[in-house]
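Tertiary structure, described
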Amino acid sequence: QVQLVESGGGLVQPGGSLRLSCAASRSSFNLIARGWYRQAPGKQRELVATITRDGSIDYADSVKGRFTISRDSAKNTVYLQMNSLKSEDTALYYCNARPSNPWQSDYWGQGTQVTVSS
């Protein structure tokens, strides 16, 4: 089992920045990928950004050029730096960890709220 704890959400004005953190309870050795998803009210959960064990990164088109995913393996922590935030970025952001064993379910954090509003 892996517990994921997010932090860093909050209220920010349009154009502002936030950095989300996701700390895992143990090493990511048996995880094939870590990532961030978000869910806005009335919408489905969507991928924001992922980083695989070998360092490959993928972003949703809507956040390319504005968001950056990174990791600190020594701290078992993944970050999401969000710049130039827009009102449409408002959502509950979830941390995700995907086990390398395809028969295991993904791990999820409890979510952290990001609200972009003036």
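Residues numbered from 1 in each chain as written. Predicted model: local features only at pLDDT ≥ 70, side-chain atom pairs only at ≥ 80, totals over all residues. Heavy atoms only, no water.

For the protein, the helix and strand inventory stands at 0 helices and 11 strands. Going from N to C terminus, the protein has its helices and strands arranged as β-β-β-β-β-β-β-β-β-β-β. For 118 residues, the compact-globule formula gives about 13 Å, and the C-alpha radius of gyration of the protein, at 14 Å, lands near that figure. Principal axes of the C-alpha set define a box for the protein whose edges measure 45 × 25 × 25 Å. For the protein, the proportion of its 118 residues judged to be buried stands at 42%. Within the protein, residue pairs in contact and separated by at least 24 positions form 53% of the contacts whose partners lie at least 6 positions apart. Counting only carbon and sulfur atoms, one obtains 48% of the accessible surface of the protein, whose full area is about 6,400 Å². (Helix = DSSP H or I, 4+ residues; strand = E, 2+ residues; numbered from the N terminus. Rg over C-alpha atoms; globule rule 2.2 N^0.38 Å. Buried < 20%, exposed > 50% of the residue type's maximum accessible area, 1.4 Å probe, protein only. Contact = heavy atoms within 4.5 Å. Areas by Shrake-Rupley, 256 points an atom, 1.4 Å probe, with all protein chains shown as cover.)

Looking now at the pairing of strand S5 (residues 46-52). Inspection of the sheet shows strand S4 (residues 31-39) paired to S5 by 6 bridges, in the antiparallel sense. From the neighbouring strand, Arg34 faces S5, where its bridge partner is Ile51. Hairpin remark: S4 followed by S5, antiparallel, with 6 residues in the connecting loop; positive phi at Gly42, about 80 degrees. Relative to strand S6 (residues 57-59), S5 is paired through 3 bridges, and the arrangement is antiparallel. When the bridges of S6 are listed, Ile51 appears paired with Ile57. (Pairing = 2+ DSSP bridges.)

Next up on the list: the state of the cysteines. Scanning the entire structure with this criterion turns up 1 disulfide. Disulfide pairing is shown between Cys22 and Cys95; the S-S distance is 1.8 Å. Because the sign of the S-S torsion sets the handedness, a value of about -80 degrees for the bond joining Cys22 and Cys95 places this disulfide among the left-handed ones. Of this pair, Cys22 sits in strand S3 (residues 18-24) while Cys95 sits in strand S9 (residues 91-99), placing them 73 residues apart in sequence. (Disulfide = S-S within 2.5 Å.)

Spatially, the 4 strands line up as an open sheet ordered S1-S3-S8-S7, and their pairing is antiparallel. This sheet does not close on itself; its edge strands, each paired only once, are strand S1 (4-7) and strand S7 (67-72). Taken pair by pair, the neighbouring strands of this sheet meet at an average axis angle of 15 degrees, ignoring direction. (Axes fitted to C-alpha atoms, helices over the stretch in contact; angles between N-to-C directions.)

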